[in-house]
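# Reading the structure
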Number of protein chains: 4
Amino acid sequence: MKETIKIGVIGTGRIGKLHINNLCTSVPGAKVEAIADVIMTDEIRAWAKSLGINKVHTDPEAIMNDPEIDAVFICSSTNTHADLMIRAAEAKKDIFCEKPIDYDIAKINLALDAVKKANVKLQTGFVRRFDHNHKKVRDTVASGILGTPSIIKVTSRDPEPPPFEYAKVSGGLFMDMMIHDFDMVRYLSGSEVVEVSAYGDVLIDDKLKTINDVDTAIVMLKFENKSIGVIDNSRKAGYGYDQRSEVHCAKGCVQVANDYPNTAMISTNEGVFLDKPLWFFLERYNDAFIAEAKEFVAAIKENRDPSVGGIDGLMPVKIAMAAQKSLVEGRSVKLSEI
Amino acid sequence: MKETIKIGVIGTGRIGKLHINNLCTSVPGAKVEAIADVIMTDEIRAWAKSLGINKVHTDPEAIMNDPEIDAVFICSSTNTHADLMIRAAEAKKDIFCEKPIDYDIAKINLALDAVKKANVKLQTGFVRRFDHNHKKVRDTVASGILGTPSIIKVTSRDPEPPPFEYAKVSGGLFMDMMIHDFDMVRYLSGSEVVEVSAYGDVLIDDKLKTINDVDTAIVMLKFENKSIGVIDNSRKAGYGYDQRSEVHCAKGCVQVANDYPNTAMISTNEGVFLDKPLWFFLERYNDAFIAEAKEFVAAIKENRDPSVGGIDGLMPVKIAMAAQKSLVEGRSVKLSEI
Amino acid sequence: MKETIKIGVIGTGRIGKLHINNLCTSVPGAKVEAIADVIMTDEIRAWAKSLGINKVHTDPEAIMNDPEIDAVFICSSTNTHADLMIRAAEAKKDIFCEKPIDYDIAKINLALDAVKKANVKLQTGFVRRFDHNHKKVRDTVASGILGTPSIIKVTSRDPEPPPFEYAKVSGGLFMDMMIHDFDMVRYLSGSEVVEVSAYGDVLIDDKLKTINDVDTAIVMLKFENKSIGVIDNSRKAGYGYDQRSEVHCAKGCVQVANDYPNTAMISTNEGVFLDKPLWFFLERYNDAFIAEAKEFVAAIKENRDPSVGGIDGLMPVKIAMAAQKSLVEGRSVKLSEI
Amino acid sequence: MKETIKIGVIGTGRIGKLHINNLCTSVPGAKVEAIADVIMTDEIRAWAKSLGINKVHTDPEAIMNDPEIDAVFICSSTNTHADLMIRAAEAKKDIFCEKPIDYDIAKINLALDAVKKANVKLQTGFVRRFDHNHKKVRDTVASGILGTPSIIKVTSRDPEPPPFEYAKVSGGLFMDMMIHDFDMVRYLSGSEVVEVSAYGDVLIDDKLKTINDVDTAIVMLKFENKSIGVIDNSRKAGYGYDQRSEVHCAKGCVQVANDYPNTAMISTNEGVFLDKPLWFFLERYNDAFIAEAKEFVAAIKENRDPSVGGIDGLMPVKIAMAAQKSLVEGRSVKLSEI
């Protein structure tokens, strides 16, 4: 077993920096050997240096070709994921790829084939599986103490809508935002989605209508194991990151509430006041990002598949497509139609 | 204004007895003048006497023809509701009618017409509107402090399934159980439902398949005011009566949790333990039943319409029919189709 | 066993009216046969008539001498309790007496002796023992699942201070307010208090200094069973009636929080908002008042001692005296000194 | 302003390792330049190397004499704290010292004098001031929105008792355990303690009686600002680390509950189940340890006094002595007597 896994991180935007920081400070046994981004600022260079990262590239090929490097984190824009996965697989690097792999199922399949052929590890970035709350729901269901699941529920609401410029290239609410929840319901239920039905509308910002996107949506789901489920999404909670999940089973129910910055309760003549839930994914899923990186490093060291693999990169994209189709056609859509 | 409203209660089953007891002990200004049931036991006679009720009939006509009586509570079986409403209207009695008025829209309309023509008061028994929790949700939404509603959510799960004999004549999950939630979403949103989409299955007791009913269901809804919603039902929670509701709005969210018999938290080396939620509607909605009776009496005294009227008896039945149709046809169904 | 216990209520102030109302509407098997108050208004007379109470007296002796009456509720001012108990005992009436029996231990003992000699039932009005929350704490401790108790904690804060005129004749914070908590710690611990130490001050209204009373106090207690405890009181919570209790034991802890009018949580950009706790004893202990009246009636019917008896009327007064002595002398005071 | 504060850590036991790890991974602008411990194992040497620490000593003088080093963390056993502080002050190193400084007030004063004379920074390790919960209580009180404080409450219970060998040299419950709470009440109230009264007993392990220590204790406190307070401690909670605090003020109350590993609520026919609170200080105060190290580094960089200084090292020791005296003498003890 290797002592230290040397990692090259491709993409130094918000999520790339987050992974670099975590790998450097909170993941024993991992070392960020190199980073690459087509746009490399002096600020990033200085920051990398302060973290002891000496190899800073503008071309990801430098990472692919570096024999010192064991594994890559693909954190660049979504349209580059599949190609980079293929290149990394060819270069025999283990792969951590941010979600979604691609918006196109054919491209995803090509990338997954390359991974399979090269026999490298692949982990996809569905970070919420590593969250203390959702994981507890899954572990409770998986333990069997509550019997078979019957109703799967996920609420996911962003604190505020992304900029319109982002929304335009995001792939739409189902592909960009609810995709996390599509993964979550598969994870919580331990079963594949077979059919979906979607309602959605533009209730926050009318501009979204010009790009045929929605900002508020509910999707019902049927699962292979006969359970049924529902996800609700809003691009604007206002009060923080609303991240709740629940599984109702034959013998009971497990549900998780939001996380708060503290447990303070202030009681006055006006009422009782609590702080808002944690604001967004950096606060709420901070520990989960560290845990997912640790899982990736552990899987490599133990020579096993990561717990979130290629199929987990593929299925949520299919579900998102089915949901979009249902929204447009006003009917329930089977996954087999995709 | 009359000092005391004299009431005749028709039907002395579980719900009739509940109303009789509340009217006698907890509703000032009301007096149960007479009761009637086609099956009148000695036990009921003795109980009525202990409450000071001297007129005990087997024919409801005795109540309709009693000039002392101002108003009737119709608590008999559903198939008798519409006819009794028509008779009561003709007899110029104000009417409290348990839900649903009927399973047939034509019969409901006949009954509502009779009420309108006779110009008597009508209140339908959607008791949950008087619950402290759901009412707080509605009041918060109605206050406008959270802006326009966008997502309406209701969870409703019975502690355990009813006997199969009951299920057979119940009208099915949508008409018997979710009908309360159809009323609830109209109440919470302050808007009419225009379209629904239903998923449902038999996950608890296979016998239900023989009568084409389901025991687990999720229904999505679109409202006139553009908000969307979802209801989930299970005939078996196991842990008690799960009654939660939530409205997400432009500026925030209001949600209510279940009620518990106490606030005790027992912490040991094994974990932290709380008591189960209140078990069923008699415990959970006890105060709400009293409040709805008070509302009926107050509406008569103040010569105004009760807050839950005829339209509230009609619409949930229509929504239940649309949900059933959606379940069967696998598509979204508009209320205008019913 | 008697079918109906006929009760005479002496004193028709706030607490007397509360008991009369509960006995008439919520306690099966009880009948208020007569009421008495030295000051009897037309309003009370009319209200009594509406409840079907025909005997309305200004002299409590009319109740004592009425052979129809089985039991009395003594709800008059504290200084009359002991004499009325003695009279009731002589008249062979079972007795419910509001707390405290008296401020003078000799008088309490005289009254208890009379009760004993006459062999009538006696229940003292420590209503909180019948509260769903505190009772759950006691039941948990008594069940033994947590092992022996080690720390007993009670928090009790009134929503707002009483009028100064009331404070002047109240007997002081320990005798008037904390006396409930002295009973509560005995109840929760299942053990007698043997020593106390008190801190207290005037932090709300300086006028109290003129009558040597305090409005904020903490009292530590030692119990016969070696556990230790603490009570904190404030005459002004501002946010409602703060009524919490907790017992820490060898194997864990049981604690109860306040009751709220609903479970609504309103989340906005400003924070999360809940309603205030229930405002005062009429709201918080409403069900407990009914339960204690039922216990009294049940004890008579079953010919057994009520669960809260004479010793429970005596001991809290002794503890209050010891607390006052500790406050004045700046030292720990043993109950045996009183 | 220096870019990087170079730190020498003295003592590599549990708490020393914790600080070393935090300084290396989570405190930007700090560098652990050297470590020292009289007992230096190979394991520690290897671990230090893996963290990039090259200077590993057995004599703390090597740190004092190292001109590269700006500041020291004193994490050795309590009896060495004062002498090491004096040496560090002479060597012009800024000082972070774990609590308590010493059990002897004369020695503490000597050390504080040396710090003052050398004009170096001093921070004492009362880590709970940096906890998200307790800090929120303090910030709320300090904001003034609740008016003047009247009742200060702290509950602090360890999950399980320390080994008897530890207890023997710990200085006793007041000096070893409640000392944190003595600091906490000063912090929360914003006022000095002027008088205390203590109850305590051996309720967990009789062996403690042989060393005149207690394992369960309650201490009442009076503050300079007229508020009163109470602390309860148990060496054995069983269910985890019970760390709650509360301040009641003229216009309301702020209280914090424990932290839990997740928000999961599992409801079954048996009841509702939550996980236990976080187990002990490493879990509960992990972020607070990081925050206190950041505060120390920031204070040096900004050339200001740390928020927890010398007086905060002194006062809790005095209060602990007064509490011990009160326990022994059975009376309220003024701080001025110490």
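Look a little higher up for the structure.
Residues numbered from 1 in each chain as written. Chains lettered and ligands numbered in written order. Predicted model: local features only at pLDDT ≥ 70, side-chain atom pairs only at ≥ 80, totals over all residues. Heavy atoms only, no water.

A separate point is the packing of aromatic side chains. We describe a pair of aromatic rings using the distance from one ring centre to the other and the angle between the two ring planes. A full pass over the atoms with the stated rule returns 30 aromatic pairs over all chains. Between tyrosine 241 of chain B and tyrosine 285 of chain B, the ring centres sit 5.8 Å apart and the planes meet at 80 degrees, which makes this aromatic pair edge-to-face. Placement of tyrosine 241 of chain B in the loop between strand S10 (228-234) and strand S11 (242-249) and of tyrosine 285 of chain B in the loop between helix H10 (281-284) and helix H11 (286-301) is noted, with a sequence separation of 44 residues between them. Comparing tyrosine 241 of chain B with tyrosine 285 of chain B shows no difference in burial state: the two are buried. One aromatic cluster is present, formed by Tyr241, Phe280, Phe281, Tyr285 and Phe289 of chain A through successive ring pairs. The lysine or arginine in question, lysine 222 of chain C, covers the ring of tyrosine 199 of chain D, its NZ or CZ lying 4.7 Å from the ring centre. (Phe/Tyr/Trp six-rings, centres within 6.5 Å; stacked < 30°, edge-to-face > 60°. Helix = DSSP H or I, 4+ residues; strand = E, 2+ residues; numbered from the N terminus. Buried < 20%, exposed > 50% of the residue type's maximum accessible area, 1.4 Å probe, protein only. Lys NZ or Arg CZ within 6 Å of the ring centre and 35° of its normal.)

For the rest of this paragraph, the subject is the interface of chain C and chain B. Opposite the 25 residues of chain C that make contact, chain B presents 25 residues. For the pairing of chain C and chain B, the buried interface totals around 1800 Å² over both sides, and the portion due to carbon and sulfur atoms is 52%. On the chain C side of the interface with chain B, the three residues burying the most area are Lys136, Thr263 and Ile266 of chain C, jointly 27% of the side's total. Where chain C meets chain B, there are two salt bridges. A salt bridge links aspartate 275 of chain C to lysine 136 of chain B, with the nearest nitrogen and oxygen atoms 2.9 Å apart. Joining chain C to chain B, the criterion identifies 12 residue pairs in polar contact (both at pLDDT 80 or more). The set of elements that each furnish at least two residues to the side of chain C that touches chain B consists of helix H6 (132-143), strand S12 (252-256) and strand S13 (265-268) of chain C. For the side of chain C that touches chain B, the leading source of residues is S12 of chain C, giving five residues. Taken together, the residues of the side of chain C that touches chain B break down into nine nonpolar, 12 polar and four charged. Sheet topology places strand S13 (residues 265-268) of chain B next to S12 of chain C; four bridges connect them, and they run antiparallel. Note that in S12 of chain C the partner of serine 267 of chain B across the bridge is cysteine 253 of chain C. (Contact = heavy atoms within 4.5 Å. Buried area = accessible area lost by both parts, 1.4 Å probe. Salt bridge = Lys/Arg side-chain N within 4 Å of Asp/Glu carboxyl O. Polar contact = N/O pair within 3.5 Å; in protein donor to acceptor, adjacent residues only side chain to side chain. Nonpolar A, V, L, I, M, F, W, Y, C, P; charged D, E, K, R; others polar. Pairing = 2+ DSSP bridges.)

Residues and elements named next belong to chain D. Tallied over the entire structure, the rule returns zero disulfides over all chains. Cysteine 24 carries a free sulfur, and the closest cysteine sulfur to it, the one in cysteine 75, is 12 Å from it. Residue class for cysteine 24 comes out partly exposed when judged on its relative accessible area of 31%. The thiol sulfur of cysteine 249 is not disulfide-bonded, and the nearest other cysteine sulfur, from cysteine 253, lies at 7.4 Å. (Disulfide = S-S within 2.5 Å.)

As a further point, take the relation of the copies chain A and chain B. Of the two same-sequence chains, chain A is brought onto chain B (RMSD 0.0 Å, axial shift 0.0 Å) by a rotation of 180 degrees. Accordingly, the operation relating the two chain copies is best matched by a two-fold axis. In terms of C-alpha distance to the rotation axis, chain A has arginine 331 of chain A as its closest residue, with the C-alpha 2.1 Å off the axis. Interface residue correspondence from chain A to chain B reaches 100%, placing this contact among same-surface, isologous pairings. (Least-squares fit on C-alpha atoms with pLDDT ≥ 70 in both.)

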